[in-house]
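# Tertiary structure, described
Each chain, letter by letter, is given below.
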Protein chains: 6
Amino acid sequence: MWTELAHIVRHASADPDIRVLVLSSTSDAAFTAGLDLKSQAALAAPAPDPARKALALHAHLSAFQSAVSSLSACRQPVICALHGIALGLAIDIAAACDIRLCASDTSFGVFEVNVGLAADIGTLQRFPKITGNDSKVRELALMGRPFGPKEAEEMGFVSEIVDGGRAQVVAVAIEKAKVIASRSPVAVISTKHILNHARDHTVEQGLQYVAAWNMSMLQSSDTAKAMAATRNKEPVTFSGFSDAKL
Amino acid sequence: MWTELAHIVRHASADPDIRVLVLSSTSDAAFTAGLDLKSQAALAAPAPDPARKALALHAHLSAFQSAVSSLSACRQPVICALHGIALGLAIDIAAACDIRLCASDTSFGVFEVNVGLAADIGTLQRFPKITGNDSKVRELALMGRPFGPKEAEEMGFVSEIVDGGRAQVVAVAIEKAKVIASRSPVAVISTKHILNHARDHTVEQGLQYVAAWNMSMLQSSDTAKAMAATRNKEPVTFSGFSDAKL
Amino acid sequence: MWTELAHIVRHASADPDIRVLVLSSTSDAAFTAGLDLKSQAALAAPAPDPARKALALHAHLSAFQSAVSSLSACRQPVICALHGIALGLAIDIAAACDIRLCASDTSFGVFEVNVGLAADIGTLQRFPKITGNDSKVRELALMGRPFGPKEAEEMGFVSEIVDGGRAQVVAVAIEKAKVIASRSPVAVISTKHILNHARDHTVEQGLQYVAAWNMSMLQSSDTAKAMAATRNKEPVTFSGFSDAKL
Amino acid sequence: MWTELAHIVRHASADPDIRVLVLSSTSDAAFTAGLDLKSQAALAAPAPDPARKALALHAHLSAFQSAVSSLSACRQPVICALHGIALGLAIDIAAACDIRLCASDTSFGVFEVNVGLAADIGTLQRFPKITGNDSKVRELALMGRPFGPKEAEEMGFVSEIVDGGRAQVVAVAIEKAKVIASRSPVAVISTKHILNHARDHTVEQGLQYVAAWNMSMLQSSDTAKAMAATRNKEPVTFSGFSDAKL
Amino acid sequence: MWTELAHIVRHASADPDIRVLVLSSTSDAAFTAGLDLKSQAALAAPAPDPARKALALHAHLSAFQSAVSSLSACRQPVICALHGIALGLAIDIAAACDIRLCASDTSFGVFEVNVGLAADIGTLQRFPKITGNDSKVRELALMGRPFGPKEAEEMGFVSEIVDGGRAQVVAVAIEKAKVIASRSPVAVISTKHILNHARDHTVEQGLQYVAAWNMSMLQSSDTAKAMAATRNKEPVTFSGFSDAKL
Amino acid sequence: MWTELAHIVRHASADPDIRVLVLSSTSDAAFTAGLDLKSQAALAAPAPDPARKALALHAHLSAFQSAVSSLSACRQPVICALHGIALGLAIDIAAACDIRLCASDTSFGVFEVNVGLAADIGTLQRFPKITGNDSKVRELALMGRPFGPKEAEEMGFVSEIVDGGRAQVVAVAIEKAKVIASRSPVAVISTKHILNHARDHTVEQGLQYVAAWNMSMLQSSDTAKAMAATRNKEPVTFSGFSDAKL
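Everything numeric in this text was worked out from a predicted model, so none of it was measured.

## What about the interface of chain B and chain A?
If you look at the interface, chain B gives 43 residues, while chain A gives 49 residues. Of the roughly 4000 Å² buried between chain B and chain A, counting both surfaces, carbon and sulfur atoms make up 64%. Taken together, chain B and chain A are joined by two salt bridges. Among the secondary structure elements, those contributing two or more residues to the side of chain B that touches chain A are helix H2 (37-43), helix H3 (50-73), helix H5 (123-130) and helix H6 (134-143) of chain B. Broken down by element, the side of chain B that touches chain A gets its largest block of residues, nine residues, from H6(B). In terms of residue class, the side of chain B that touches chain A is made up of 20 nonpolar, twelve polar and eleven charged.

What follows is the structure, given as structure tokens:
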């Protein structure tokens, strides 16, 4: 399943006519209840040489991490619309997206500790960096207790709680996506790219990088177009990247 | 304008008798509505060689970034008193200050995406590092929608909302500035310097740096002075740096 | 005192039968009012050669930092139960713990600036990284003003306020500790270790590290045990590390 | 071509029965004379929107870099046997390998500056880090002048000059490869992996990482096997990774 | 003197018609014998408050470092032609340049330790990073013993020894400068900029940065021009940056 | 043995009257032939739970690394005088010292790969950073072949080959140690401290750190003393740190 998710996301990232993605579940009950525990148990089966087994596990984990990270690496922003049961892998996936909204019926949990392991595909790396209460992050990850929308919002994990369930949160996500899709794709792609870079560098390094990046981006015709539209309060449409193939 | 701002801030930073700065606007309506769009459009005009144009834009951006960063590099703390319209450049400037207060009439916005570009003089580097809700930061920067004092406070962008407008928020900023100005300048300058360092290093590197820094600072006569004053509940004044010129 | 604290914590860290620590004060009035000011004044006494004095101060600070950091380096999680007066050193210590709870009677303060110095044993390094409002952190550290439980919770410093005083907050801390102690120690120790690593590295570096770490941890028998218990809704106990001595 | 190279290298990296790679050219005259200049000229053709063109160039460069970096990311060591003309791309490729040998007839050159561009697929990143004379690196990259085996060896770019041409250097490379192939693959793969990690981290971070990595690798049965063989001065063979598939 | 040096270098860096700099001394006897010791002694004079004195020293050192670093920050490459006495500050300055040549009469020395201090304007930061024998670097810096051209070349500090003195080494430096000046300034400036960036980042970060940088630089008309000239073996001249002012 | 080594080194580091250390072997035949292989085999014995075994191995490796790193962390410089057989652990230890000299009879080897493991107590982290030929480092570490003094000197591992064996190299080491011991200990300790810091930080971060460090060190009375002695060509002695105890 996660291999397929990555495949779709990487395809979208390369498509110059896609402006933004909304990620949601098709089940009314759950965003996802996490990994199938049986497959996880197979990983833990004893092996004749723990070192060779370890190398195989390393290759498996690296591929899995890369799949989840495709959401963060995707050029266009990804809005994650969470609802219902959202456990384990749900947190890894949501944390790799750009914007997180949740329905008021969402039940969250970093449950890996409950099945005897430390989360290893992104939660422990991204969850503390995108929120503002490290004590809460550690409490949730070390106790493995469930938490609700209010706690998620107060700690900074979601930016909005939508009253209702799956249908309601997806509707709000699509509204926000429409606004983003109406902006210049040069500006939108650059903004996500620069925010990703800034997270992993010092302020000074980040400033140097955005100066290098924008010395071409500021030469876009979209700026004049956007400014004229703003001034005249007229609608404006921006072309995709199909005209920029090498 | 921003060249002049930097000039003043750098002058203040070198003045041993200045203890703290308050940055505010003189207009009742706006802190700032951002850059003049016309000058920005000129930057985007087509050029015969995009590479040479790019090098010129790089030099321009580096100088502009350096001007805004002068607030962060200033030895003394800078309190930013925000009110009214506070768009685009307002966020870059406020994010480079130490303490942010806003009046209840403030209307914020990361509006660069609306005019076809990614913010490039500090907002995308500093805004996520000084707040606690990355989903909200990305929503605001990618959608270009306005936000108010309550959202700003909840996400951790300001530390206090002052009821009223320009006059009221400036008054509170000055009160806080007076408390800071009454402290030992050795302690105040060191605290800002160490906080800036800590933000861009690991905890371990930060601890090593403060040990190196404080091995001279702890030899200050201000400590004994401050402690005596605390013990005796008497007022105390500390000298500036004019007596320490080489 | 802090030398002894470090000694105990390091001893606990090496003990395979200890699963979690709760740190609290035995005084009803105070968690701690901070360092003895007299000893601090002695440090600042004039010396014939400021450079030799500086080297001695550096050795002193490094040892003190290392003692406080033993809480963060401790393999098992440490829950800090704060109450009453919690000033200066209290913030350094609490910030080095994993989970922070406070009683509703707690009075906090980063008071170092009030006695003429910049905090140098962890507060300025950890406080901004574990909370979500940098403006508030700087206001508190630069002004040296007290703050209460509500401000601490809103800025993300504590994850829960417990109504009452010392007895009440310790009781809640112990309840949480019991849940953590019931989880697989392989999973708990790994989760803390990985969270500590993630804080000081980029997301990508963090992912690579957890893949290296978990290629042995996923071979634990605790996973099968934990999953069976979850499936059968039966209690489960995990062994300590005494069976893993080399 | 470079897409195909990456494809082969990635395939080899995943093959548990491959122990080491030797990279050489099939032409007696040249290792490679670098990129086809015509394709490079096409990249530089004017475009209606320099920003959209830039995004397309960015995607192109990222893919190209990733192809060359597959040599460095390959789990098994890669020995690069250089001879004859070795310009431009030759340096990028060789620098991404682990061991570099050259024939005495080799003519090297960082020639990108001669055709109006800065090398962008690895030379400027790796060449200074794997050699020991930064002044020489900069002279060669800024002047675009050719250099020979002796200069390459003295500055630390190759570890051995083999008298002769293609046939001779490939023969020596294969001899070295045979020794590496006779070692435990657990030890060989780990050594390359840890050297790659060390290059991009501090000494302390590197030590922490190898401790995490080796806590599984030291559980290998290869250690006992290798030691017994050493003691008894008997030949030994180690199995590949086929027995470690999950 | 060093303030003036920085002033000239910064001026040159902004001049679009300057392609390369050669730094040498006008004295036949010495490149420089280092700082005036008397001014250094004044810095060490006792002060009433070591902390205030320390802050003044910090400002002084920062300004001095920034002056020497102007050579490294200069957009165009700087060739340092060393000869005669080259002690203390000579090493700081040379290490901040791009290419180092020395006359066979040069006498080098990291002599700061001999006058009771650790070098603090660049030698200890840059010397080990641009050479390939850390044991030698430490021996020279800790013993304060002189070393000659051969040792300098073998450890990778200079890329060429020119037989003779000042006149001879300057002549060779100018020859090399002429070659660099004949290359596309887009390519030359970019190559230095990217090498500087690479030194202070991981390989992966460096690759990401050069991709961002080159997405505008590859759109230069210089590439086609340089390639045509190469193909036709004809001379070529490239314009400066005067045509790229905003 | 290595526990004891660390104990002695840490004791020396804290002793204000020790100026420099020389590390050598008492055996005429060997510096060290590396770890006792039997103890290593015990580490690899199969365990019921590979995860618990891994945690025990992690604790063991961390302690062992810390012991070897005590040489690098030691405040005073350590000169390593190598001779005879110098395999495995010999490289880890030598790489953690400041200055490396070898007798002409020395036989080096990174032999860990030969016994089925990747070196994990420092060689793979430090060896490439202190030398100037990464291809050679990888060849030696991946092939496990012996190398001699000439190869060691050319790649930058030692700074001098002393003709003879143990007695001769120790004599030269002591001569160098005497020079270092005659310098101001403020300058010597600072120089080592700053070189260690520089290795693991960017040039800019290194410059900031040395400015913080030297703002107290430049207030030393040793500077005036050293300058007067230099001027008058008179001998000078500097006091240790016993006068600087807090």
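## Points about the side chain of D:Ser72
Within the fold, D:Ser72 resides in helix H3 (residues 50-73). Residues contacting D:Ser72, with those up to four places away along its chain left out, are D:Ala96, D:Arg126, D:Lys192, D:Asn196 and D:Arg199.

## What about the sheet that holds strand E6 (residues 107-109) of chain B?
Strands pair in a sheet through their backbones, by hydrogen bonds, and they do so in one of two ways: parallel or antiparallel. Residue and element names in this part refer to chain B. A sheet is described by the order of its strands in space; here three strands give the open sequence E2-E4-E6, paired in parallel fashion. Edge strands, defined here as strands with exactly one partner in the open sheet, are strand E2 (30-32) and E6. For this sheet the average axis-to-axis angle between neighbouring strands, irrespective of direction, equals 15°. Sheet topology places E2 next to strand E4 (residues 85-87); two bridges connect them, and they run parallel. Among the inter-strand pairings, Thr32 is bridged to a residue of E4, identified as Ala86.

## A short note on the relation of the copies chain B and chain C
Here chain B sits on chain C after a turn of 120° about the axis and a move of 0.0 Å along it, with an RMSD of 0.0 Å. Interpreted geometrically, this transformation is the action of a three-fold axis. Looking at the rotation axis and the C-alpha trace of chain B, the residue lying nearest is B:Gly132, at 2.2 Å. In this assembly the copies use different faces: only 4% of the residues contributing to the interface of chain B also contribute to that of chain C.

## Here's the deal with unusual backbone geometry
Even without glycine at this site, B:Lys233 takes up a positive phi of about 50°. Inspection of the secondary structure assignment puts B:Lys233 in the segment after helix H11 (222-232).

## Comments concerning the packing of helix H5 (residues 123-130) of chain A against helix H6 (residues 134-143) of chain A
The relative placement of two packed helices is expressed as an angle between their axes plus a distance between the axes. Residues and elements named next belong to chain A. Contact geometry of H5 with H6 gives a least axis separation of 9 Å together with a crossing angle of 150°. Between H5 and H6, the crossing angle belongs to the class labelled roughly antiparallel. Along this stretch, H5 crosses H6, giving a crossing that reads as right-handed. Two secondary-structure elements touch here, H5 through Leu124, Phe127 and Pro128 and H6 through Asp134, Val137, Leu140 and Ala141. A breakdown of the residues in the contact of H5 with H6 according to their chemical character gives six nonpolar, no polar and one charged.

## So, the packing of aromatic side chains
Two descriptors summarise a pair of aromatic rings, namely the distance from one centre to the other and the angle between the planes of the rings. Taken as a whole, this structure holds 39 aromatic pairs over all chains when the rule is applied. With a centroid separation of 4.0 Å and an interplanar angle of 15°, the aromatic rings of A:Trp2 and A:Phe64 are classed as stacked. Of the two residues, A:Trp2 sits in helix H1 (residues 2-13) while A:Phe64 sits in helix H3 (residues 50-73), which places them 62 residues apart along the sequence. Across the pair, A:Phe64 and A:Trp2 agree in class, each one buried. Seen from their ring centres, B:Tyr209 and F:Tyr209 are 6.0 Å apart, and the 55° between their planes marks the pair as tilted. Taken together, the residues span two chains, with B:Tyr209 in helix H10 (residues 203-217) and F:Tyr209 in helix H10 (residues 203-217). The same class applies to B:Tyr209 as to F:Tyr209, namely buried. Taken together, the ring pairs connect A:Phe108, A:Phe127, A:Phe147 and A:Phe157 into an aromatic cluster.

## With respect to the sheet that holds strand E3 (residues 78-82) of chain A
Residue and element names in this part refer to chain A. Taking strand neighbours across the sheet as the criterion, the four strands line up as E1-E3-E5-E7 in an open arrangement whose pairing is parallel. Here the strands that pair on one side only, and so sit at the sheet edges, are strand E1 (21-23) and strand E7 (160-162). Between one strand and the next, the sheet's axes are offset by a mean angle of 25°, whatever the strand orientation. When strand E5 (residues 99-103) meets E7, the two strands line up parallel, connected through three bridges. When the sheet's bridge partners are listed, Cys102 is paired in E7 with Ile161. Strands in contact with helix H8 (residues 166-182) are E1, E3, E5 and E7; relative to E3, the strand with the most contacts, it is inclined by about 165°.

## As for the interface of chain B and chain C
Of the residues lining the interface, 48 residues belong to chain B; the matching set on chain C comes to 43 residues. At the boundary of chain B with chain C, total buried surface from both sides reaches about 3900 Å², with 64% on carbon and sulfur atoms. When the buried area of chain B at its contact with chain C is split by residue, B:Leu195, B:Val203 and B:Leu218 rank highest and sum to 18% of it. Here chain B and chain C share two salt bridges between them. B:Asp98 serves as the salt-bridge partner of C:Arg138, at 2.5 Å between the closest nitrogen and oxygen. Element by element, the count of residues in the side of chain B that touches chain C is highest for helix H9 (residues 185-199) of chain B, at ten residues. Taken together, the residues that form the side of chain B that touches chain C break down as 23 nonpolar, 17 polar and eight charged.

## Overview of helix H6 (residues 134-143) of chain E
Residues and elements named next belong to chain E. Taking burial as the measure, the ten residues of H6 include ten buried ones, the bulk of the element. Among all positions of H6, only Asp134, Ser135, Lys136, Val137, Arg138, Glu139, Leu140, Ala141, Leu142 and Met143 are buried. At the C-terminal side of H6, Gly144 shows a positive phi close to 70°.

## Some details on the pattern of salt bridges
On inspection of all chains with the given rule, the structure shows 78 salt bridges over all chains. Across the pair A:Lys192 and A:Asp98 runs a salt bridge whose closest N-O atoms are separated by 2.9 Å. Highlighted residues: A:Lys192 in helix H9 (residues 185-199) and A:Asp98 in the loop between helix H4 (89-95) and E5, separated in sequence by 94 residues. You'll find A:Lys192 and A:Asp98 in the same group, each marked buried. Beyond isolated ion pairs, a larger network of salt bridges with shared partners links A:Lys136, A:Glu139, A:Arg145, A:Glu151, C:Glu160 and C:Lys176.

## Remarks on the environment of C:Ser221
Mapped onto the elements of the fold, C:Ser221 is located in the loop between helix H10 (203-217) and helix H11 (222-232). On the accessibility criterion, C:Ser221 (44% relative accessible area) is partly exposed. Expressed as a C-alpha distance, the spacing of C:Ser221 and C:Ile161, which sit 60 residues apart in the sequence, is 37 Å. Within the structure, C:Ser221 has its side chain in polar contact with the side chain of F:Asp49 (distance 3.3 Å).

## Some remarks on the pairing of strand E5 (residues 99-103) of chain F
All names here are of chain F. Among the five residues that make up E5, five are buried, leaving the element largely enclosed by the rest of the structure. Residue alternation in E5 divides its side chains into two sets, Ile99, Leu101 and Ala103 and Arg100 and Cys102, and both sets are buried. In this structure, strand E3 (residues 78-82) lies alongside E5, joined through four bridges in parallel fashion. In the strand pairing of E5, Leu82 is matched with Cys102.

## Things to note about the packing of H9(B) against H10(B)
Residues and elements named next belong to chain B. Close contact between H9 and H10 brings their axes to 10 Å; oriented N to C, the two are set at 160°. When the axes of H9 and H10 are compared, the pair comes out roughly antiparallel. Remark: the crossing between H9 and H10 carries right-handed chirality. In contact with Val186, Ser190, His193, Ile194 and His197 of H9, H10 contributes Gln205, Gly206, Tyr209, Val210, Trp213 and Met217.

## Focus on H11(C)
All buried positions along H11(C) are accounted for by C:Asp222, C:Thr223, C:Ala226, C:Met227 and C:Ala229. Projected down its long axis, H11(C) carries its buried residues within an arc of 160°, all on one side. Each element contacted by the buried residues of H11(C) is listed here: helix H2 (37-43) of chain A, helix H9 (185-199) of chain C together with helix H3 (50-73) of chain F. C:Lys233, located one to two residues past H11(C), shows a positive phi value of around 50°.

## What to know about the domain arrangement of chain A
By a frequent convention, interface size equals the accessible area lost on bringing the separate parts together. Residues and elements named next belong to chain A. Taken domain by domain, chain A consists of domain 1 (2-181) and domain 2 (185-232). Each of domain 1 and domain 2 has a C-alpha centre, and these two points are 27 Å apart. Taken residue by residue, the interface counts eleven residues in domain 1 and six residues in domain 2. Of the roughly 720 Å² buried between domain 1 and domain 2 on both sides combined, carbon and sulfur atoms contribute 57%. For domain 1, the biggest contributors to the area lost against domain 2 are Arg19, Ser72 and Arg75; these three give 48% of the whole. At the junction of domain 1 with domain 2, the criterion picks out one salt bridge.

Cut-off values and rules
- The residue count restarts for each chain, going from 1 along the sequence in the order it is written.
- Chain A is the first chain written and ligand 1 is the first ligand written, with later ones labelled in order.
- Since the coordinates come from a predicted model, pLDDT governs what is reported: local features require at least 70, and pairs of side-chain atoms require 80 or more to be given and counted, while whole-chain, interface and lining totals use all residues.
- The basis for every side-chain value is the complete set of non-hydrogen atoms in the structure, without hydrogens or water.
- Pairs of residues are marked as contacts when any of their non-hydrogen atoms sit within 4.5 Å.
- Buried area is calculated as the accessible area (1.4 Å probe) missing from two parts once they are joined, with the contributions of both summed.
- By convention in these notes, a salt bridge is any Lys or Arg side-chain nitrogen within 4 Å of a carboxyl oxygen on Asp or Glu.
- Secondary structure counts use DSSP, requiring at least four H or I residues in a row for a helix and at least two E residues in a row for a strand, with both numbered from the N terminus.
- Three residue categories are used. Nonpolar comprises Ala, Val, Leu, Ile, Met, Phe, Trp, Tyr, Cys and Pro, charged comprises Asp, Glu, Lys and Arg, and polar comprises the others, including Gly.
- Only when DSSP finds a minimum of two bridges between them are two strands counted as paired.
- Note on definitions: angles span 0 to 180 degrees between N-to-C directions of axes, and those axes are lines fitted to C-alpha atoms, for helices only across the stretch in contact.
- Least-squares superposition of the copies uses the C-alpha atoms of those residues scoring a pLDDT of at least 70 in each of them.
- Each angle is binned into one of four classes, with values under 35 degrees roughly parallel, values over 145 roughly antiparallel, values of 65 to 115 roughly perpendicular, and all other values oblique.
- Should the near helix be turned counterclockwise from the far one by less than a right angle, the crossing is left-handed, whereas a clockwise turn marks it as right-handed.
- Aromatic rings from Phe, Tyr and Trp, taking only the six-membered ring of Trp, are treated as a pair when their centres fall within 6.5 Å; an angle between ring planes under 30 degrees marks them as stacked, one over 60 as edge-to-face, and anything in between as tilted.
- Buried, partly exposed and exposed residues are distinguished by accessible area as a fraction of the type maximum, computed with a 1.4 Å probe on protein chains only: under 20%, between the cut-offs, and over 50%, respectively.
- As used in this structure description, the phrase polar contact means that two N or O atoms lie within 3.5 Å; if the pair is within protein, one of them must be able to donate a hydrogen and the other to accept it, and residues adjacent in sequence are counted only when both atoms belong to side chains.
- Taking the helix axis as origin, the arc is that swept by the directions to the C-beta atoms.
- Residue ranges assigned to each domain were obtained from an automatic or database domain assignment.

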